[in-house]
Amino acid sequence: MAVPVYKKYVNMIVRCYPDGRILPLAVYWDTGKLYEIDRVLDIRPAASLKAGGAGIRYTCRIQGRETYIWLEENRWYVEAKGYPQDQDAG
């Protein structure tokens, strides 16, 4: 049986530049764990084909693994496996 994927909204640390660019620096997981982003590899408008939704997709390297983080309007999310629990409204 396939494990479902859902949008998990997360807290982020970002850098905002005067020219309007936004660069994610770290993501806070709900367990309180902070994951620093080693490098942003790509930034583009894209859809999350696994979890649904769309926005600006940041392809990032975190602890040696490539992952996607989306900025959807003014909220950040990742594709998480499992079943969603009560999510904070952000």
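Cut-off values and rules
- Residues numbered from 1 in each chain as written.
- Predicted model: local features only at pLDDT ≥ 70, side-chain atom pairs only at ≥ 80, totals over all residues.
- Heavy atoms only, no water.
- Helix = DSSP H or I, 4+ residues; strand = E, 2+ residues; numbered from the N terminus.
- Buried < 20%, exposed > 50% of the residue type's maximum accessible area, 1.4 Å probe, protein only.
- Contact = heavy atoms within 4.5 Å.
- Lys, Arg positive; Asp, Glu negative; His and termini not counted.
- Charge placed at Lys NZ, Arg CZ, Asp CG, Glu CD.
- Core = buried A, V, L, I, M, F, W, Y, C linked by side-chain atoms within 4.5 Å.
- Pairing = 2+ DSSP bridges.
- Axes fitted to C-alpha atoms, helices over the stretch in contact; angles between N-to-C directions.
- Polar contact = N/O pair within 3.5 Å; in protein donor to acceptor, adjacent residues only side chain to side chain.
- Phe/Tyr/Trp six-rings, centres within 6.5 Å; stacked < 30°, edge-to-face > 60°.

Undergrad: Any chance you could explain the overall build of the protein here in plain terms?
TA: Looking only at helices and strands, the protein features zero helices and seven strands. Element order for the protein, N to C, with α for helix and β for strand: β-β-β-β-β-β-β. Seen along its three principal axes, the alpha-carbon backbone of the protein occupies a region of about 45 × 30 × 25 Å. Classification of the 90 residues of the protein by burial places 29% in the buried group. Contacts in the protein between residues at least 24 apart in sequence constitute 40% of all its contacts with a sequence separation of at least 6. Charged side chains of the protein number 13 positive and 11 negative; the gap between the two group centres comes to 6 Å.

Undergrad: Hey, could you run me through the nonpolar core in this one?
TA: Core analysis: the largest hydrophobic core is formed by eleven residues, namely Val 10, Met 12, Val 27, Ile 37, Tyr 58, Cys 60, Ile 62, Ile 69, Leu 71, Trp 76 and Val 78. Of all the secondary-structure elements, those providing two or more residues to this core are β1 (5-16), β5 (54-62), β6 (65-72) and β7 (75-81). It is β5 that provides the largest number of residues to this core, a total of three residues. Apart from the residues within four sequence positions on either side, Met 12 is in contact with Pro 24, Ala 26, Val 27, Ile 37, Ile 69 and Trp 76.

Undergrad: Quick question: what am I supposed to make of the sheet that holds β1 here?
TA: Each strand in a sheet pairs with its neighbour through backbone hydrogen bonds, running either in the same direction (parallel) or in the opposite one (antiparallel). Ordered by their spatial adjacency, seven strands build an open sheet running β3-β2-β1-β7-β6-β5-β4, and the pairing between neighbours is antiparallel. Each having just a single partner strand, β3 (34-36) and β4 (39-47) make up the two edges of the open sheet. Direction aside, the axes of adjacent strands within the sheet are offset by 40° on average.

Undergrad: Help me out: how do you make sense of the side chain of Lys 7 in this one?
TA: Structurally, Lys 7 can be placed in strand β1. In this structure the side chain of Lys 7 is engaged in a polar contact, spanning 3.5 Å, whose partner is the side chain of Tyr 9.

Undergrad: Can you help me understand the packing of aromatic side chains in this one?
TA: Given two aromatic rings, one states the distance between the centres and the angle between the planes to describe the pair. Scanning the model with the defined rule gives four aromatic pairs in all. Taking 5.2 Å as the distance between ring centres and 45° as the angle between the ring planes, the aromatic pair formed by Tyr 58 and Trp 76 counts as tilted. Taken together, the positions of Tyr 58 in strand β5 and Trp 76 in strand β7 put the pair 18 residues apart, joining distant regions of the chain. By the burial criterion, Tyr 58 is buried, and Trp 76 matches it.

Any functional reading would require information beyond the geometric quantities listed.
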